[in-house]
Amino acid sequence: MTQCIDSDAAVALASFADDPIDVLEHVAACEACRAHVDDTARLRAELAAVLPMREGFVQAVMASLPGTAAAVREESVAREPAAVAAPASVAWTAVHGLLGAGLGLFVALSGGTAAPGSGSPLLAMGLAAAAALTLPRMVER
Amino acid sequence: MSEIDLRAFHAGDHELFERLVEEISPRLLAVASRYTGDRDAMHDIVQNVWLRAYERRGQLASGVSIYGWLFSICHREALSARRAETMRSEVQPHDLPAPGALATPDDCVKRAEIRGELMDAVADLPPRERDAVELRLVQGLSTKQAAQRMECAEGTVKAALHHARQKLQPILRRLR
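How each quantity is defined
Residues numbered from 1 in each chain as written. Chains lettered and ligands numbered in written order. Predicted model: local features only at pLDDT ≥ 70, side-chain atom pairs only at ≥ 80, totals over all residues. Heavy atoms only, no water. Helix = DSSP H or I, 4+ residues; strand = E, 2+ residues; numbered from the N terminus. Buried < 20%, exposed > 50% of the residue type's maximum accessible area, 1.4 Å probe, protein only. Contact = heavy atoms within 4.5 Å. Phe/Tyr/Trp six-rings, centres within 6.5 Å; stacked < 30°, edge-to-face > 60°. Lys NZ or Arg CZ within 6 Å of the ring centre and 35° of its normal. Axes fitted to C-alpha atoms, helices over the stretch in contact; angles between N-to-C directions. Parallel < 35°, antiparallel > 145°, perpendicular 65-115°, else oblique. Left-handed = near helix turned anticlockwise from the far one by under 90°. Nonpolar A, V, L, I, M, F, W, Y, C, P; charged D, E, K, R; others polar. Core = buried A, V, L, I, M, F, W, Y, C linked by side-chain atoms within 4.5 Å. pLDDT = per-residue confidence, 0-100.

### Remarks on the environment of His-75 of chain B
Residue and element names in this part refer to chain B. One can find His-75 in helix H4 (residues 66-84). A relative accessible area of 9% means that His-75 is categorised as buried. Spatially, the C-alpha atoms of His-75 and Asp-124 are 9.8 Å apart, while their sequence positions differ by 49 residues. If near-sequence neighbours (up to four positions away) are discounted, His-75 is found in contact with Tyr-35, Met-119, Asp-120 and Ala-123.

Right, dumping it as structure tokens:
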């Protein structure tokens, strides 16, 4: 025994036996009871152990929970790149439209006779370029 | 730890969660430290525990100790983190023996392993036994108070504690 028991322990001891001193003497003499107390104290020490949290940990946890102001902010920041990309996609659609119109005009001006492989490399190149630009967009959709 | 307002918990009351995070995290960190020696990893595990707890908050039933419930989540999170991480090679300060005791580094590592086994065994206890251990031994409630909290008879608490101790005894003896 390294120190005297505190008043809480004394009250607890007194509350569970008619003669706590007898109980203490029994525990001191009984190997099974001492082992029981020892196991219980060891288990308590293991399970009640604590480690200090690092600074700002509680705030970090709370910010990561869905629905908190911080989490909502983070989610909207994550969505921002998509919003920024929207005007670019409008521009791409316009470019595709212009290319398509240009190609249509080209075919019309050539009299509709210049099929690919029939001697108009310019038309073949135009068709290939239009396909290369348009197909990825169609696949995306 | 005081009894929590289950309705507020189920509703995801952020004030309640903040109080619980502040109150229980130091104990969860100690549990996580039985599985990893890396301090950042321990914090990551505990942060994930809170995230899972928030997502599954509706599953915490009446009469179940919140710590026991969180302990199970922490155990699972720590096991998955351990799978992804090389086991610690350094001995942590809390693994060191009491001053004056003779222990080699091997002894310290062995004790750390036994402590990990003890945590595994506690996690494997049926919820009722784990709650009895938590409420009686760790929180220091009387049998009557524990029975009220667990919504069962006092005899059930006593029996649960007895069975839990019997299961954990072989590991506890190796820690002596």
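### Focus on the packing of aromatic side chains
Note on aromatic pairs: each is described by the distance of the centres and the angle between the planes. All names here are of chain B. Going through the model one piece at a time under the given rule, you end up with four aromatic pairs over all chains. Judged by centre distance (4.9 Å) and plane angle (15°), the ring pair of Phe-9 and Phe-17 falls under stacked. With a relative accessible area of 0%, Phe-9 lands in the buried category. Phe-17 gets classed as buried once you look at its relative accessible area, which sits at 0%. Centroid distance Phe-17 to Tyr-54: 5.1 Å. Interplanar angle 70°. Geometry classified as edge-to-face. Linking Phe-17 in helix H2 (residues 14-32) with Tyr-54 in helix H3 (residues 39-55), this pair joins segments that are 37 residues apart in sequence. The class for Tyr-54 is buried, based on a relative accessible area of 8%. Here the aromatic cluster, defined as three or more aromatic residues joined through ring pairs, consists of Phe-9, Phe-17, Tyr-54 and Trp-69. One cation-aromatic arrangement involves Arg-27 over Tyr-67; the distance from NZ or CZ to the ring centre is 3.5 Å. Geometry around Tyr-54 places Arg-57 over its ring, the cationic atom sitting 4.3 Å from the centre.

### Re the packing of H3 of chain B against H4 of chain B
Residues and elements named next belong to chain B. It is at 9 Å that the axes of H3 and H4 come closest, and there the two elements cross at 130°. Of the possible angle classes, the one that applies to H3 and H4 is oblique. The chirality of how H3 crosses H4 is right-handed. Contacts between H3 and H4 pair Ile-45, Asn-48, Val-49, Trp-50, Arg-52 and Ala-53 from the former with Trp-69, Leu-70, Ile-73, Cys-74, Glu-77, Ala-78 and Ala-81 from the latter. Looking at the contact of H3 with H4 residue by residue, the classes come out as 10 nonpolar, one polar and two charged.

### Digging into the nonpolar core
Ranked by size, the top nonpolar core spans 64 residues in total, and within it Leu-43 of chain A together with Phe-9, Leu-28, Trp-50, Ile-66 and Leu-70 of chain B carry the most contacts. Per element, the largest residue contribution to this core is 10 residues, and it comes from H2 of chain B. Setting aside its immediate chain neighbours within four residues, Trp-50 of chain B contacts Val-61 and Leu-65 of chain A together with Phe-17, Leu-20, Val-21, Ile-24, Ser-25, Leu-28 and Leu-70 of chain B.

### A closer look at the confidence of the model for chain B
Residues and elements named next belong to chain B. In the predicted model, chain B carries a mean pLDDT of 86, and the fraction of residues at 70 or more is 87%. By mean pLDDT, helix H5 (residues 105-124) is the weakest element of chain B at 85, and H3 is the strongest at 95. Scored below 50 in pLDDT, residues 96-100 shows four contacts in the model against residues more than four places distant or in partner chains. In the predicted complex, the global pTM is 0.64; the interface-specific ipTM is 0.76.

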